[in-house]
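Single-letter residue listing:
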Amino acid sequence: MARIRKVLALALCTALAITVSGCATFAVPAYSPDYPTLDRLKTARLAPVAIQPFAPQDPAAPVNVLTLRGAPFAPAKGTFASYIEAAMREDMAELRRLDAQAPTQLSATLLRNDFDFSGLSVGTGTIELRVVVTRAGRTRLDKTYSASGQYESHLAANVAVPRAQAEYPSLVRRLLRTVYADAAFIAALQP
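About the cut-offs
- Residues numbered from 1 in each chain as written.
- Predicted model: local features only at pLDDT ≥ 70, side-chain atom pairs only at ≥ 80, totals over all residues.
- Heavy atoms only, no water.
- Pairing = 2+ DSSP bridges.
- Helix = DSSP H or I, 4+ residues; strand = E, 2+ residues; numbered from the N terminus.
- Contact = heavy atoms within 4.5 Å.
- Axes fitted to C-alpha atoms, helices over the stretch in contact; angles between N-to-C directions.
- Parallel < 35°, antiparallel > 145°, perpendicular 65-115°, else oblique.
- Left-handed = near helix turned anticlockwise from the far one by under 90°.
- Nonpolar A, V, L, I, M, F, W, Y, C, P; charged D, E, K, R; others polar.

### Re the sheet that holds strand S2 (residues 50-51)
With mixed pairing, four strands are arranged side by side in an open sheet as S2-S5-S6-S7. Of all strands in the sheet, those with a lone pairing partner are S2 and strand S7 (138-152), marking the two edges. Where S2 meets strand S5 (residues 104-116), two bridges bridge the pair, whose relative direction is parallel. Within the sheet, the bridge partner assigned to Ala50 lies in S5 and is Gln105. Sitting on the sheet, helix H3 (residues 80-94) touches S2, S5 and strand S6 (122-135), and the angle it makes with S5 is about 130°.

### A look at the packing of H3 against helix H4 (residues 157-181)
Between H3 and H4, the least distance of the axes is 11 Å, while the angle of their chain directions is 60°. The orientation of H3 with respect to H4, classified from their angle, is oblique. The hand of the H3/H4 crossing is right-handed. For the pair formed by H3 and H4, the contact residues are Phe80, Tyr83, Ile84, Ala87, Met88, Asp91 and Met92 on the first element and Tyr168, Pro169, Val172, Leu175, Leu176, Val179 and Tyr180 on the second. Its residues placed into classes, the contact of H3 with H4 shows 13 nonpolar, no polar and one charged.

Right under this line is the structure:
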């Protein structure tokens, strides 16, 4: 009898998760900078940098398409590539290093963007970004960076989805911390 109750409870929770996720579109929350990381970067004497549009721009590109419990998960504006671009622009603006006319150009390509909260108790995320820095036509950096994480999830979508929404910006912050901590990245952006 107890086993039947457990099976019925699991079936009810699964049905509820499917119903709650339905056909809603879940938005990625706004990015907020990691100020301790930016404070460390301020001491690096970086040259001004112009940030080019990150690729791929196509909303249908596989790295720009994510779902949470079967429902679309997307930035409020643009693609995931443009979300990460906007995050880096915000960070460079905070450092007062963003300059559209700067000879140092930074571009990037989002290579991997996996974010899976379909598990009963664990969600995972991985982002991989190829960053290229050029100055006066010469490549100063061409490197791939990645960040991943494992997060607490839940069987019920009404618990798992808000957790997942909150975790994506933190995964982007983790990725950018990795980029900003790299000595090769810092050297590429120095005068």
